[in-house]
Amino acid sequence: MDNNEIFTKEYRFLTNKYWTEYIKNCQPLPQQLPFIRPVILDSWRRSQRYGVDQNCNETALLSPSEIDNILDSSQELIEVSHSYLLHLAEFIRGTNFVLALTDQNGYVIDIVVEDSGIKGLMRQTNLRIGSIRNEQTTGTSGIAICLATGTPIQIWGEEHYIQSHHTYFCSAAPIFDVSKKLMGCLAMIGPQETAHTHTFGMVCTAVDGIQKEMQMRVINQQLSFVNTQLNDMIQALSSGVILLDEDKRIVHYNDNALSILELPKNLKLQDKYVGDVILTSALTNELWDSSVNNMEITLETYQGRSVNVVFTSVITHGLQLQAKNIIFIFEKQKRIHQLVRKMS
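Residues numbered from 1 in each chain as written. Predicted model: local features only at pLDDT ≥ 70, side-chain atom pairs only at ≥ 80, totals over all residues. Heavy atoms only, no water.

> So what about the packing of aromatic side chains? Which residues, and what values?
For the structure shown, the criterion picks out five aromatic pairs. Between the aromatic rings of Y18 and Y22, the centroid separation amounts to 6.5 Å while the plane-to-plane angle is 40°, which identifies the pairing as tilted. Of this pair, Y18 and Y22 are both found in helix α2 (residues 9–24), four residues apart, which corresponds to roughly one turn of the helix. A single burial state applies to Y18 and to Y22, both of which are buried. When the ring of F97 is compared with that of F169, the centres are 6.4 Å apart and the planes differ by 85°; the resulting orientation is edge-to-face. Placement of F97 in the loop between α5 (75–92) and β1 (98–103) and of F169 in strand β4 (residues 168–176) is noted, with a sequence separation of 72 residues between them. When sorted by exposure, F97 lands in the same class as F169, which is buried. Among the aromatic residues, those joined into a cluster by ring pairs are F97, W156 and F169. (Phe/Tyr/Trp six-rings, centres within 6.5 Å; stacked < 30°, edge-to-face > 60°. Helix = DSSP H or I, 4+ residues; strand = E, 2+ residues; numbered from the N terminus. Buried < 20%, exposed > 50% of the residue type's maximum accessible area, 1.4 Å probe, protein only.)

> So what's going on with the state of the cysteines? Which residues, and what values?
Per the counting criterion, the structure on display carries zero disulfides. Lacking any disulfide linkage, C185 is separated from the closest cysteine sulfur, that of C146, by 3.7 Å. Since its relative accessible area comes to 0%, C185 is described here as buried. You can see C204 has no disulfide; the closest cysteine sulfur is in C146, sitting 8.6 Å from it. By relative accessible area, which is 24% here, C204 ends up partly exposed. (Disulfide = S-S within 2.5 Å.)

> So what about unusual backbone geometry? Which residues, and what values?
Residue K180 is not a glycine yet carries a positive backbone phi of 70°. By the element assignment, K180 lies in the loop between β4 and β5 (182–191). Judged by relative accessible area, which is 69%, K180 ranks as exposed.

> Pulling in residues and values, what's your account of the environment of V307?
By the secondary structure assignment, V307 is in strand β9 (residues 306–317). For V307, a relative accessible area of 4% puts it in the buried group. Here the alpha-carbon distance between V307 and I260, two residues 47 residues apart in the chain, equals 7.7 Å. Setting aside its immediate chain neighbours within four residues, V307 contacts I260, L261, E262, I297, T298, L299 and K332. (Contact = heavy atoms within 4.5 Å.)

> Which residues make up the nonpolar core, and what values do they have?
Ranked by size, the top nonpolar core spans 65 residues in total, and within it W44, L186 and I189 carry the most contacts. A total of seven residues in this core trace back to one element, the largest contributor, which is α5. Apart from the residues within four sequence positions on either side, I189 is in contact with N96, F97, V98, A100, I118, L127, I143, Y168, F169 and C170. In terms of nonpolar packing, the next biggest core, distinct from the first, is built from 25 residues, I242, L263, F311 and I326 among them. (Core = buried A, V, L, I, M, F, W, Y, C linked by side-chain atoms within 4.5 Å.)

> Please provide a residue-by-residue account of the sheet that holds β1, values included.
The strand order across the open sheet formed by five strands is β2-β1-β5-β4-β3, and the pairing between neighbours is antiparallel. Since the sheet does not close on itself, it has two edges, and those belong to β2 (108–113) and β3 (153–156), each with one partner. Strand-to-strand twist of the sheet, defined as the mean angle between neighbouring strand axes without regard to direction, takes the value 20°. Helix-sheet contacts for helix α9 (residues 198–236) involve β3, β4 and β5, and the interaxial angle to β4 is about 20°. (Pairing = 2+ DSSP bridges. Axes fitted to C-alpha atoms, helices over the stretch in contact; angles between N-to-C directions.)

> Describe in detail helix α8 (residues 142–149), supporting the description with residues and values.
Of all eight residues that make up α8, six are buried, and the element is covered over most of its length. Buried within α8 are the following residues: G142, I143, A144, I145, C146 and L147. For α8, the elements touching its buried residues are α3 (38–50), β1, α7 (135–138), β3, β4 and β5. Positive phi shows up at G150, right after α8, with a value of about 70°.

> Outline the packing of α3 against α8, supporting the account with residue identities and numerical values.
Where α3 meets α8, the axes come as close as 11 Å, and the angle between the chain directions of the two elements is 95°. Judged by the inter-axis angle, α3 sits roughly perpendicular to α8. Listed contacts from α8 to V39, I40, S43 and R46 of α3 are I145, A148 and T149. Counted by class, the contact of α3 with α8 contains four nonpolar, two polar and one charged residues. (Parallel < 35°, antiparallel > 145°, perpendicular 65-115°, else oblique. Nonpolar A, V, L, I, M, F, W, Y, C, P; charged D, E, K, R; others polar.)

> Tell me about empty space enclosed by the protein, and please be specific about residues and values.
One pass over the structure, following the stated rule, counts one cavity of 30 Å³ or more. For the largest cavity, the full set of lining residues is L127, R133, S141, G142, I143, H160, H165, Y168, C170 and I189. For the lining of the largest cavity, the secondary structure elements donating two or more residues are α8 and β4. Here the lining of the largest cavity is built from residues that sort into five nonpolar, four polar and one charged. (1 Å grid on protein atoms, 1.4 Å probe; cavity = no way out; pocket = protein on both sides within 12 Å on 5 of 7 lines; lining within 4 Å. Points joined across faces, edges and corners; volume = space filled by probe spheres on them.)

Next comes the structure, spelled out in structure tokens:
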């Protein structure tokens, strides 16, 4: 059912009637109420159980030290989400909406507000960084239901549990990390008379972008870890190692490669064409076209030095089979011969 069909005058009249009868008068709620959305009724019931004061005008606020701790623990979520809040703010400027970001416990950790018209309502209900918007504290709201159920929701006027929140309209969507753990919630809040159903899609789209960016951060962190592990493994090898991309440019190497080739220790080989370091005449077509194992060859460096090595090349292919990567592994012949004599 479309939200325009839900939030009719009849629905609002009945919602206000039921709110007055059961919430204001503190009467037990029945299992069902005609026309009232089950998700709202369930939240009202939980709010009663939590003992939320429906007449409270100002919701709870964290202390300055508590706010600092919450912001520190949510730093990554704030960093990723803030640009999305700013982008959304450009679209809703002039509509008297405010954008609020909470953590998984309902603590407001970021706010973007462009219009002065909403600021009076924000002061009235204490909506600011450090305020608490979970069901246990403020009862039924878009943020509270979103965090309690883990699903996006739109909530209008009299559906809110606290009476001072009846002036609000809210679209909220949960934010999950890559392991599907709830991280927080993004909400677009405004006066109910300016409500529009398209805000729901805007919030959900922004959250989708936030989650994808969080996922990319995790992937980049994992790749960075893998690269560090790879570098440590390559550096631990006694042999010289040079990794080349399909254009024969050096993408990785270890310190022993410089030592064996008698090159300066501070020489940077990254992104250099291998032919500018090792004369290509020393590398036969066989080494480029197919893998070889323990071949004794002489490598000539750009400095004019000749080094006799036992050479192995390995050709690998990435996800795109036409992309060829080459790994050179080499050791001085003298050292290999010494090892062979010891073993014989």
